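Descriptive analysis of the structure
Here is what each chain is made of, one letter per residue.
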Amino acid sequence: PGESYTVESTVTLISQTGDRFLMVRTNDSEQQGETAYDDNHQFSPISILAPDLTISGADAPDEGVLAGAIAISYTVSNAGEVPALANWRDRIYLSTDASYDAADVFVDEIARPAALAAGGSYTISQNVTLPRFSLGNQFLIFRADANNAQLETDETNNTAAAVPILLRAPDLTVSDVMVPAEAISGRAFNVTWTVTNNGDAAVSNWTDRVLLSPDQGIGGDLIVGDFPFSGTLQPGQSITRTLGVVP
């Protein structure tokens, strides 16, 4: 009776930030019978600090072409009071509105393997390729620590104000296909067709394919030939091609 012992230990605080109380409790499972249990614990106030990653700036061109590359840049700042030490990933999305949600389409991901000091920042500038998306006036959304690898004081401010972007795309159509009414198997004959760009962006360097089909459906057809085109077709322009094929 009257004896005591002192314990020094290192603990890791997980998923908590802000002003808290640390409680130490002895004989927690009450395996040891005692005259009283209500004095088995003590609270000590503690302020738990954490970094706070924010997108402090983002930039992209006013417009882009689907499947084409655009130059983007963004800056991530640590507005917290301690360094950010986790390996996190920033992500860029396309959105139909100025708010991020699960329906937005992933564009690219940038890994951040280095720590970021309190008050520090870093800027990323690189090219990204635009995926398939709705045309017209859309938004690019930038998110720091998109995979939530870094515990922060505020997890709601990781998304930057959306950057507006006008998305364009070419639209190639085939018309005026001309073939002879009859052809002899194994002998070459000419096929003529016209390709028109009905989109609102230029298109370059594609391949036309000629197939032989037993019906007017797509699938299970015989490839007769692939015909690359090297050049550029502006919106509204057409090109007529005549090439020899062998059925």
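Cut-offs and rules
- Residues numbered from 1 in each chain as written.
- Predicted model: local features only at pLDDT ≥ 70, side-chain atom pairs only at ≥ 80, totals over all residues.
- Heavy atoms only, no water.
- Pairing = 2+ DSSP bridges.
- Helix = DSSP H or I, 4+ residues; strand = E, 2+ residues; numbered from the N terminus.
- Axes fitted to C-alpha atoms, helices over the stretch in contact; angles between N-to-C directions.
- Salt bridge = Lys/Arg side-chain N within 4 Å of Asp/Glu carboxyl O.
- Buried < 20%, exposed > 50% of the residue type's maximum accessible area, 1.4 Å probe, protein only.
- Polar contact = N/O pair within 3.5 Å; in protein donor to acceptor, adjacent residues only side chain to side chain.
- Contact = heavy atoms within 4.5 Å.
- Core = buried A, V, L, I, M, F, W, Y, C linked by side-chain atoms within 4.5 Å.

Focus: the sheet that holds strand β3 (residues 53-59)
Sheet architecture is open: three strands sit in the order β3-β5-β8, paired in antiparallel fashion. One side of each edge strand has no neighbouring strand; the edge strands of this open sheet are β3 and β8 (121-129). In this sheet, neighbouring strand axes are inclined to one another by 25 degrees on average, regardless of whether the strands run parallel or antiparallel.

Concerning the pattern of salt bridges
Applying the stated criterion across every chain yields a total of six salt bridges. A salt bridge links E109 to R89, with the shortest nitrogen-to-oxygen separation between them at 3.2 Å. One end of the pair, E109, is in strand β7 (residues 105-112); the other, R89, is in strand β6 (residues 88-95), and 20 residues separate them in sequence. Given the relative accessible area of 28%, E109 is considered partly exposed. R89 sits in the partly exposed class, given a relative accessible area of 36%. Within the structure, one salt-bridge network assembled from shared partners comprises E63, R168 and D200.

Points about unusual backbone geometry
The backbone of N148 sits at a positive phi, close to 55 degrees, despite the residue not being glycine. Residue placement: N148 occurs in the loop between β9 (136-143) and β10 (163-168).

Quick notes on the side chain of S95
Within the secondary structure, S95 is located in strand β6. At a separation of 2.8 Å, a polar atom in the side chain of S95 contacts the main-chain carbonyl oxygen of D97. Here D104 takes part through its side chain, which lies 2.9 Å from a polar atom of the side chain of S95. Dropping the residues within four chain positions of it, S95 is found in contact with D104, F133, Q138, F139 and I141.

Considering the sheet that holds strand β15 (residues 238-245)
For sheets, the rule is that strands pair by backbone hydrogen bonds, running either parallel or antiparallel. Strand order in this open sheet of three strands is β11-β12-β15, and the pairing throughout is antiparallel. Each of the sheet's edge strands pairs with one partner strand only, and the pair in question is β11 (172-178) and β15. Strand-to-strand twist of the sheet, defined as the mean angle between neighbouring strand axes without regard to direction, takes the value 25 degrees.

A look at the nonpolar core
Grouped together as the largest cluster of nonpolar side chains are 28 residues, with contacts concentrated most on I72, Y74, V76, I92, L94, L140 and F142. Counting only elements with at least two residues in this core, the list comes to β3, β5 (69-78), β6, β7, β8, β9 and β10. Discounting chain neighbours no more than four positions away, the residues touching V76 are L53, T54, I55, S56, D90, L116, G120, S121, Y122 and A144. Counting eleven residues, the second-largest nonpolar core is a separate cluster that includes F189, V191, V195 and F227.

Looking at the environment of L167
If you trace the backbone, L167 turns up in strand β10. For the pair L167 and A202, spaced 35 residues apart in the sequence, the C-alpha separation amounts to 13 Å. In this structure, L167 is in contact with G64, L66, L94, L130, F133, S134, L135, G136 and Q138, ignoring residues within four places of it in sequence.

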